[in-house]
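# Reading the structure
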Amino acid sequence: MTTILLDPGNETVRRYIVGTVREIISRYRVDAIHFDDYFYPYAGIGNADQATFLRNNPGKKSLGDWRRDNVSEVVRRIKAEIMRANRQNGTHIAFGISPFGIWANRSKEHPDGSLTGGKESYTALCADVKKWIKMRWIDYVIPQLYWGFGHPIAAYAALADWWAEQVRGTPVRLFTGHALYRFGNPREFPVDEIYNQLRYNSLHPEISGFSFFPAHNLFKPDNHAVAAGVDKTLKRLARPARNVDFPNAR
C-alpha cells in the first residue's frame, strides 16, 4: 500500500484541502466536516519537508512552530470556508476534529498541560488543538480518551477534567471519544470501564456527549471481552438521545 502525505507548508496543498472541503459542502448535504488525528505523522517525517521549510518560512520560526502554524492555518481556512457557505446557503454545517487525547503534558514548557506523561499532540503531531478551541476555529472536539482510570501516565479522569476546562466558556462542544477495542485487555480495561467513564462525564456540564471507536465493535465485537464490555455499557446506558446545537456554526 502506498502512503501519500500532503505537506501543509505548501500553499498549493492548503488550497487543495480547502477546495476539497468546498466541493463536499457545495455538492452534498452534510451535517459536518470531521477530521481525525492525523496531521503530521505519528512516526515523524524526518527532513521530508526541509525544502518547504526553508522556502516558506520568512519569519524564521523553529521547525515545530512552523509545522504547527501550517496545520493551524489549514484549520482556520476550513472554518472560514464553511462559515462562508453557511452564510450564503442558510446552512449550519459544523466543523470538528478528533485529536489525540493528550494535547501536552504539564511541564515548565506547558504549565497549562494535562497531568499526564504520554505522547503529545502538540509536539508529535504539531496539532495545537488548544489554540483552535480558543480561536473558535472548530465547532466541536472529540479527543481520543482511550485510556482507563487506572492508566499510570494517561488516566481518564485527568484528561476528561483537562478537556472540560479547555472548552469552558466557549461555544465549542466537547464529546469524549472511547475505545471499545480496549475491552480486549480486561486487566487494564475492566468490563465496566467505559460505563464508569460516562458516569464521570456527568460531573462536567461542558461534556455534551460521547462517541465510540471502532463502530463495528458495537455490532460485531472482535472478541468475547469486547462483547461483554459493549453489552454492559449499552444496557446500562439505555436512555433517549438529545440533539446538540452548534452556535459557532451559524
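One can find the structure itself at the top, above this paragraph.
Right, let's walk through the structure included here. (Residues numbered from 1 in each chain as written. Predicted model: local features only at pLDDT ≥ 70, side-chain atom pairs only at ≥ 80, totals over all residues. Heavy atoms only, no water.)

Time to look at the overall build of the chain. Within the chain one finds nine helices and five strands. Reading the chain from its N end, one meets helices and strands in the order α-β-α-α-β-α-α-β-α-β-α-β-α-α. Its C-alpha atoms give the chain a radius of gyration of 19 Å, near enough to 18 Å, the size a compact globule of 250 residues would have. If one aligns the C-alpha atoms of the chain with their principal axes, the spans along those axes are about 55 × 45 × 40 Å. Long-range contacts, defined as pairs at least 24 residues apart, comprise 72% of the intrachain contacts of the chain with a sequence gap of at least 6. Charge separation in the chain, taken as the distance between the mean sites of 34 positive and 25 negative side-chain charges, equals 3 Å. (Helix = DSSP H or I, 4+ residues; strand = E, 2+ residues; numbered from the N terminus. Rg over C-alpha atoms; globule rule 2.2 N^0.38 Å. Contact = heavy atoms within 4.5 Å. Lys, Arg positive; Asp, Glu negative; His and termini not counted. Charge placed at Lys NZ, Arg CZ, Asp CG, Glu CD.)

Formed by 47 residues in total, the largest nonpolar core has its most connected members in Trp-132, Ile-138, Val-141 and Trp-163. Counting residues in each nonpolar core, the second largest holds 10 residues, with Leu-180, Phe-189, Ile-194 and Tyr-195 among its members. (Core = buried A, V, L, I, M, F, W, Y, C linked by side-chain atoms within 4.5 Å. Buried < 20%, exposed > 50% of the residue type's maximum accessible area, 1.4 Å probe, protein only.)

The end-to-end C-alpha distance of helix 1 (residues 11-27), which contains 17 residues, comes to 24 Å, matching closely the 24 Å that a straight helix rising 1.5 Å per residue would cover. Three or more residues of helix 1 are buried, namely Val-13, Arg-14, Ile-17, Val-18, Val-21 and Ile-25. Viewed along the axis of helix 1, the buried residues span an arc of 130°, placing them on a single side of the element. Exposed residues on helix 1 whose side chains face more than 90 degrees from its buried face are Thr-12, Arg-15, Tyr-16, Ser-26 and Arg-27. The inward-facing, buried residues of helix 1 contact strand 1 (32-35) and helix 3 (63-89). With a side-chain oxygen positioned 2.8 Å from the backbone nitrogen of Thr-12, the residue opening helix 1 is Asn-10. (Expected span 1.5 Å × (residues − 1). Arc of directions from axis to C-beta. Polar contact = N/O pair within 3.5 Å; in protein donor to acceptor, adjacent residues only side chain to side chain.)

Attention now moves to helix 7 (residues 193-201). Buried residues of helix 7: Glu-193, Ile-194, Tyr-195, Gln-197, Leu-198 and Asn-201, and no others. On its buried face, helix 7 sits against helix 6 (156-167), strand 4 (173-179), strand 5 (207-213) and helix 9 (224-237).

A few words on the pattern of salt bridges. In the structure shown here, the tally under the stated rule is 15 salt bridges. Across the salt bridge formed by Glu-11 and Arg-14, the nearest N and O atoms sit 3.6 Å from each other. One end of the pair is Glu-11 and the other is Arg-14, both in helix 1 and three residues apart, which spans about a single turn. The exposure class of Arg-14 is buried, given its relative accessible area of 14%. (Salt bridge = Lys/Arg side-chain N within 4 Å of Asp/Glu carboxyl O.)

Further remarks concern the pairing of strand 2 (residues 94-97). Along strand 2, one buried face is formed by Ala-94 and Gly-96 and the opposite face, lined by Phe-95 and Ile-97, is buried too. By the bridge criterion, two bridges tie strand 2 to strand 3 (residues 140-141) in an arrangement that is parallel. Residue Gly-96 lies in a different strand from strand 3, and its bridge partner there is Tyr-140. (Pairing = 2+ DSSP bridges.)

Quick look at the sheet that holds strand 1 now. Spatial strand order, 1-2-3-4-5: five strands in an open sheet with parallel pairing. Edge positions in the open sheet fall to strand 1 and strand 5, since each of these has one partner strand only. Helix 6 rests against strand 3 and strand 4 of the sheet, and its axis sits at about 160° to strand 4. (Axes fitted to C-alpha atoms, helices over the stretch in contact; angles between N-to-C directions.)

Turning to its location among the elements, Lys-79 is positioned in helix 3. Spatially, the C-alpha atoms of Lys-79 and Arg-136 are 8.8 Å apart, while their sequence positions differ by 57 residues. In this structure, Lys-79 is in contact with Phe-95, Arg-136, Trp-137, Asp-139, Asn-248 and Ala-249, ignoring residues within four places of it in sequence. A distance of 2.8 Å separates a polar atom in the side chain of Lys-79 from a polar atom in the side chain of Asp-139.

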